[in-house]
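Here's the letter readout for the chains.
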Amino acid sequence: MKVSIFGLGYVGFTAMCCIAKEGHKVTGFDVSEEKVEQINNGIPPISEPGVLELLTNGLSSGKINAFSNIENHLDDSDLAIVCVGTPSSPDGAHDMSYIAEVTRQIASKVKKDRKSPLTVAYRSTVRPGTVEELIAPIFADELGKDFEKTISIVYNPEFLREASAIQDYFEPPKIVIGTLSGGRNEHMELLNKNIDAPTFHVGLREAEITKFVDNSWHAVKVAYANEVGRICLQLGVDASKVHEIFVSDTKLNISPYYTRPGTAFGGSCLPKDVRAFQHIAADCGANTHLLDSLLRSNEAHKFKLYEHACSGLRPQASVLLVGLAFKANTDDLRESPSVDLARQFLNAGYKLSIFDPAIQATKLIGANLGYAYTQLPTLSKLLVSKEIAERGNYDRVVITNATHKMLTLSPNQSIVDLNTLS
Ligand SMILES: NC(=O)c1ccc[n+]([C@@H]2O[C@H](COP(=O)([O-])OP(=O)(O)OC[C@H]3O[C@@H](n4cnc5c(N)ncnc54)[C@H](O)[C@@H]3O)[C@@H](O)[C@H]2O)c1
């Protein structure tokens, strides 16, 4: 393939070297004439282990060339990869001017009578909607509404880390290919044919949001680890031992558990122990802002779930809540988010019924009984049997946990599943 790369910084220059090593012919473009000159003279514009050797080999085999102007170099390109910067604007949003500018340049130089469309793959980190709302309109302005005859747009986030960039290029944690249709792109298939990694073919927005979700998660992990570290330091606890125990748990801690967007956390342990850990941290002056934000974040989520569950419902509509305990197959109602949800439905005047076979109002005892009747004094009147739940013609069925697997619901029923946010 002939590959063009726009933006020869950390991402673009590394890609240039690695793609040339794969045997493709790579033409790089950068607005910085200094970078272009350095590259053509065999000097890497960045400090990164292994790139000098790849650049030297690429130049001597004629597989690498750099330019500061596109001229007619795009004519025989199969694939253009955009790696320009998206730095922070003063308001925190990404500055999209380099993306817009490079897109205009490509749009003005690509030939309309190409035999097959040029794939333009964006690797810069951009917010969801950028391709559809910024990039595609620029191509449409220049090339007309049927620009997809000339250009195939792909969003392909980059996961390399500086200092191990070459290894990360060839051994990425995953490959994400976003297209308008969510389908495959032949040039991206060819580019990645020797790379063994889980590959996801998705819509553009799912691909665009990936880096934000990943990078913010990394930041959460570091901030959380350091808050634990501060508490340990203050309490004279060995933080490295605590870390060893924490990461050894690959069932619940370092695992996909508790990472799925869905219902709020609740139950008899998580809220109680988070509150107590916050107290311990405050008591020893550890200043744990992330820990302090967890319960507020959970409350915000509960409110959003309520809004989502009753969206479009008329006043006084009938609602069946499926699952009242904090998870299926337990009668533990303490701090269950579904109890809050039920209370909100009742306060708003909806006709509420609840199905949860694990809960029999007459059998609740102790703290569980106290919590249930403090929060939902009319609980016994709200609970319905399986037969009634299945027969009832509810305006909305709201699923909160796996209890719904015990029901056969009509396919015409209006259902909101809070487990999957659908
Ligand atoms: N650096 C990383 O480790 C990393 C990892 C993954 C993703 N990313 C994302 O990739 C993107 C690029 O990051 P980077 O660190 O390589 O940036 P960088 O600043 O090192 O490189 C960007 C390059 O683009 C060039 N450029 C700007 N406008 C241009 C144009 N119109 N035509 C050609 N070249 C142009 C600049 O001169 C610069 O050399 C960013 O969106 C970043 O968030 C970076």
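Below is a short write-up of the structure. (Residues numbered from 1 in each chain as written. Predicted model: local features only at pLDDT ≥ 70, side-chain atom pairs only at ≥ 80, totals over all residues. Heavy atoms only, no water.)

Attention now moves to the overall build of the protein. Summing up its helical and strand segments, the protein has 15 helices and 12 strands in all. Relative to the compact-globule value of 22 Å for 422 residues, the protein shows a C-alpha radius of gyration of 28 Å, a clear excess of over 25%. Across its three principal axes, the protein shows a C-alpha extent of roughly 80 × 60 × 40 Å. Considering the protein as a whole, with its 422 residues, one finds that 43% of them fall into the buried category. Contacts spanning at least 24 positions in sequence make up 71% of the contacts within the protein whose residues lie at least 6 apart. Here the protein displays about 22,000 Å² of accessible surface, and carbon together with sulfur accounts for 53% of that area. Each charge class in the protein was averaged separately, 42 positive and 49 negative side chains, and the resulting centres sit 7 Å apart. (Helix = DSSP H or I, 4+ residues; strand = E, 2+ residues; numbered from the N terminus. Rg over C-alpha atoms; globule rule 2.2 N^0.38 Å. Buried < 20%, exposed > 50% of the residue type's maximum accessible area, 1.4 Å probe, protein only. Contact = heavy atoms within 4.5 Å. Areas by Shrake-Rupley, 256 points an atom, 1.4 Å probe, with all protein chains shown as cover. Lys, Arg positive; Asp, Glu negative; His and termini not counted. Charge placed at Lys NZ, Arg CZ, Asp CG, Glu CD.)

Before going further, it helps to examine a nonpolar patch on the surface. A contiguous nonpolar surface patch, about 320 Å² in accessible area, is contributed by Tyr224, Phe246, Val247 and Ile254. Note on placement: Ile254 falls in the loop between α9 (239–248) and α10 (270–283). Taking relative accessible area as the criterion, Ile254 reaches 45% and is therefore assigned partly exposed. (Patch = residues over 30% accessible without salt bridge, like charges linked within 9 Å, V, L, I, M, F, W, Y side chains within 5 Å. Salt bridge = Lys/Arg side-chain N within 4 Å of Asp/Glu carboxyl O.)

Attention shifts here to the site of the ligand. Around the ligand there are 22 residues in total, and Val11, Asp30, Lys35, Thr86 and Glu162 lie nearest to it. Burial of the ligand by the surrounding chains reaches 80%, relative to a free accessible area of 830 Å². Among the secondary structure elements, those contributing two or more residues to the shell around the ligand are α1 (10–21) and α4 (97–109). The biggest single contributor to the shell around the ligand is α4, with 3 residues. Split by residue class, the shell around the ligand holds 10 nonpolar, 7 polar and 5 charged. (Near = heavy atom within 4 Å. Nonpolar A, V, L, I, M, F, W, Y, C, P; charged D, E, K, R; others polar.)

Turning our eyes to something else, we now look at empty space enclosed by the protein. Under the criterion given, the structure shown has 1 cavity of 30 Å³ or more. Roughly 150 Å³ of volume is contained in the largest cavity. Lining the largest cavity are 13 residues, and of these Arg123, Glu158, Tyr169, Pro172 and Ile175 lie nearest its centre. In terms of residue class, the lining of the largest cavity is built from 7 nonpolar, 2 polar and 4 charged. (1 Å grid on protein atoms, 1.4 Å probe; cavity = no way out; pocket = protein on both sides within 12 Å on 5 of 7 lines; lining within 4 Å. Points joined across faces, edges and corners; volume = space filled by probe spheres on them.)

Turning our eyes to something else, we now look at the environment of Ser414. The topology assignment puts Ser414 in the loop between β11 (396–399) and β12 (415–417). With relative accessibility at 27%, the residue Ser414 sits in the partly exposed group. With 17 residues separating them along the chain, Ser414 and Val397 place their C-alpha atoms 6.2 Å apart. Not counting residues within four places of it along the chain, the set of residues in contact with Ser414 comprises Asp395, Arg396 and Val397.

Ordered by their spatial adjacency, 8 strands build an open sheet running β3-β2-β1-β4-β5-β6-β7-β8, and the pairing between neighbours is mixed. The outermost strands of the open sheet, each flanked by one partner alone, are β3 (64–67) and β8 (199–203). On average, each strand axis in the sheet is tilted by 25° relative to the strand beside it, whichever way the strands run. As paired strands, strand β2 (residues 25–29) and β3 are joined by 4 bridges and run parallel to one another. Across the sheet, residue Gly28 finds its bridge partner in β3, namely Ala66. Docked against the sheet, helix α8 (residues 204–235) engages β6 (151–155), β7 (175–179) and β8, running at close to 120° with respect to β8. (Pairing = 2+ DSSP bridges. Axes fitted to C-alpha atoms, helices over the stretch in contact; angles between N-to-C directions.)

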